[in-house]
Structures are given as C-alpha cells and as structure tokens.
Amino acid sequence: MHILLPPSEKKATDGDGPPLDLASLSFPELNPVRKRVLSSLTKVSRRADAPDVLGLPPGQADDALARNKILREAPTLPVARLYTGVLYDNLDLADLDAEAAAAQIIVFSGLWGALRLTDRVPPYRLAMAVSLPPLGRLGTLWRPAMRKALRPDGDLVVDMRSGPYAAAWKAPQPAVAVRVFRERLVHGAPKRTVVSHMAKATRGQIAHDLLKADATPRTPDELQKAVADLGHTVELNGPNLDVILHD
C-alpha cells in the first residue's frame with residue numbers, strides 16, 4: 001500500500017542538517033525538473049511582484065520569500081519533521097513505526113515533485129497551483145516526469161491529496177481517492193456536504209490508523225473493510241472511499 005499526501009503550508013523552520021543535496025532525494029528521475037523549479041523559484045522570489053505571483057498572504061510573504069531566496073544554502077530537515085499542518089498533526093508520525101511509514105508514504109510538493117519522509121529539504125513556500133515564470137503551471141510541468149518516476153508496481157494506492165497535487169500525477173489502478181463528507185439530518189432526511197478543514201484532519205487520522213494497525217489492503221474492497229474495522233464510517237463509491245462524519 002502507498003499513501004499519497006499533500007504538503008502543508010505550515011512548516012517547521014528548525015533545520016539542522018547540511019544544505020540541500022538533490023542527488024540524495026528519492027525519485028531521482030525528478031531531479032531535472034527539481035533543478036528548473038528551484039532556479040525559477042529563487043529568481044521569482046527576488047521580484048517585487050513575488051507575493052502576487054506565488055499567492056502569498058501579506059502577513060506571510062516576507063518570511064516565505066526570505067526562505068525561498070536561500071534554498072540552496074539553508075539547513076535542511078527530514079520531511080517527517082518539515083510539514084506541521086492539521087493533516088500531519090493527526091498523522092502523528094511520532095506514534096508510528098518510522099521505517100514502515102517511510103516505505104509507504106509519498107508526499108507531493110510543488111517544488112520537489114514527490115518525497116519520502118526521510119528526504120531532507122529546507123523550508124520553502126511554493127504551492128502546486130502556482131504558475132511559476134517562466135515554467136508555467138507546476139502541475140502541468142511535473143506530470144511527464146511523475147509518470148516516469150512513480151511506479152507503484154501494482155500495489156494499492158490510497159490517494160489523500162488535494163486537487164492540484166492529484167492533478168500532477170494520476171495514480172494507476174488499483175487506486176482509491178479518499179473524500180470526506182459531513183452528514184446531517186435536514187427536515188428528517190440525511191444530507192451530505194463536503195468538508196475542508198476536517199477533511200485534512202480525517203485523512204491524517206485514517207492514514208495514521210492504517211499504518212498503526214499494519215494494515216495491508218490490496219484492493220479497494222479490502223481498504224474499505226480495513227478502514228471500517230478501525231472505527232470509521234466509510235463507503236466505496238466507484239474510485240472513491242467516502243468517509244462520513246456525523247454530528
């Protein structure tokens with residue numbers, strides 16, 4: 001089983017490792033694109049319009065751009081420590097077997113393409129949805145390299161990525177995308193709505209529970225059973241595993 005995760009905007013900044021070494025990163029087939037994106041991001045981050053180009057909020061732009069300008073020299077830290085948002089809080093890597101998690105989790109990134117938890121990179125800010133001059137849309141740029149670099153070899157892919165990251169690489173079958181809905185009674189009838197913030201927390205929790213239980217589903221049906229056995233309300237709807245939250 002492979003679990004695909006998005007990055008988080010929120011990142012740790014306590015890098016204590018050596019500077020970036022692209023040759024040491026997983027999926028070396030991605031390095032030619034990594035070099036191009038890294039070079040372009042560093043240049044764009046020095047432009048006056050960088051906050052607008054990169055979609056950075058005013059209160060975060062100065063710090064993000066300062067980090068983007070020194071990516072080649074900045075101290076690195078492992079991916080397992082880098083991402084600290086809601087999904088990763090609920091993933092709770094400290095509670096999991098580090099070797100098993102590193103073997104099964106792939107984190108997608110606008111800058112690095114795809115990473116394993118053991119890869120060391122510096123803190124950065126670059127969303128996959130950005131159109132980065134002069135390279136264009138990052139999702140489109142990454143797609144050909146991703147197809148060559150990522151080969152699940154028939155293992156089940158559990159896709160917990162958000163839209164722009166999912167668009168950068170379509171996982172081959174067998175693959176299941178995890179969606180999250182909240183169900184409420186409206187005039188006596190159940191009604192479901194898509195949730196966003198809680199979706200991140202729920203995906204992180206399900207990834208944690210699967211890894212903690214050492215689950216080894218090989219098919220979508222086996223995944224549905226495993227997640228249900230772990231206490232979640234789930235339905236398999238075509239290519240999607242729908243998680244249902246109740247008030």
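Below is a short write-up of the structure. What you are looking at is a predicted structure, and each value in this text was computed from that prediction instead of being measured.

### Concerning the environment of Arg125
Note on placement: Arg125 falls in the loop between β5 (120-121) and β6 (131-132). Residue classification places Arg125 among the buried residues on the basis of a relative accessible area of 11%. Separated by 117 residues in the primary sequence, Arg125 and Ser8 have C-alpha atoms spaced 9.5 Å apart. Not counting residues within four places of it along the chain, the set of residues in contact with Arg125 comprises Glu9, Lys11, Leu41, Leu56, Pro57, Gln60, Ala64 and Asn68. There is a polar contact of 2.8 Å between the side chain of Arg125 and the side chain of Gln60.

### A closer look at the pattern of salt bridges
This structure, assessed with the given rule, holds 14 salt bridges. The salt bridge involving Arg81 is made with Asp14; its shortest N-O contact spans 3.5 Å. Remark: Asp14 occurs in the loop between β1 (2-5) and α1 (31-44) and Arg81 occurs in helix α4 (residues 79-82); sequence separation between them is 67 residues. One salt bridge connects Arg179 with Asp242, and the closest N-O pair in it is separated by 2.7 Å. Of this pair, Arg179 sits in strand β9 (residues 175-186) while Asp242 sits in strand β12 (residues 240-246), placing them 63 residues apart in sequence. Since its relative accessible area comes to 32%, Arg179 is described here as partly exposed.

### Quick look at the layout of surface pockets
Approximately 520 Å³ is the volume attributed to the largest pocket. Considering the residues around the largest pocket, the lining is formed by 26 residues, among which Pro7, Ser8, Glu9, Ser162 and Lys200 are closest to the centre. Of all the elements in the fold, those that place two or more residues in the lining of the largest pocket are α5 (86-91), α8 (163-168) and α9 (197-212). Within the lining of the largest pocket, the residues separate by chemical class into 14 nonpolar, five polar and seven charged. Of the voids in this model, the second largest pocket is the one considered here, and its volume is about 250 Å³. Along the walls of the second largest pocket sit 14 residues, with Asp159, Val176, Ala177, Pro239 and Asn240 positioned nearest its centre. Element by element, the count of residues in the lining of the second largest pocket is highest for β9, at four residues. Considering only residue class, the lining of the second largest pocket consists of eight nonpolar, two polar and four charged.

Criteria and cut-off values
Here, residues in each chain are numbered from 1, in the same order as that chain's written sequence. Owing to the predicted nature of the model, reporting of local features is limited to residues with pLDDT of at least 70; listing and counting of side-chain atom pairs is limited to 80 or more, with chain, interface and lining totals taken over all residues. Water and hydrogen atoms were dropped before computing side-chain values, which therefore reflect all heavy atoms in the structure. For the purposes of this entry, the term helix denotes a DSSP run of H or I that reaches at least four residues, the term strand denotes a run of E that reaches at least two, and both are numbered from the N terminus. Whether a residue is buried, partly exposed or exposed follows from its accessible area with a 1.4 Å probe, protein chains only, as a fraction of its type maximum: under 20%, in between, or over 50%, in that order. Note on definitions: a residue-residue contact is assigned when non-hydrogen atoms from the two residues lie within 4.5 Å. For this analysis, a polar contact is any N or O atom pair within 3.5 Å, provided that within protein one partner can donate a hydrogen and the other can accept it, and provided that sequence-adjacent residues contribute only side-chain to side-chain pairs. Salt bridges are defined by distance alone: a side-chain nitrogen of Lys or Arg within 4 Å of a carboxyl oxygen of Asp or Glu. A pocket, in this scheme, is an open set of points on a 1 Å grid over the protein atoms alone with protein on both sides within 12 Å along at least 5 of 7 lines, while a cavity is a set where a 1.4 Å probe fits but cannot get out; residues line either one if an atom lies within 4 Å of a point. Grid points are joined across faces, edges and corners, and a volume is the space filled by probe spheres set on the points. As a working rule, the residues Ala, Val, Leu, Ile, Met, Phe, Trp, Tyr, Cys and Pro are called nonpolar, Asp, Glu, Lys and Arg charged, and the rest polar, with Gly in that last group.

All quantities given are derived from atomic positions and should not be read as evidence of function.
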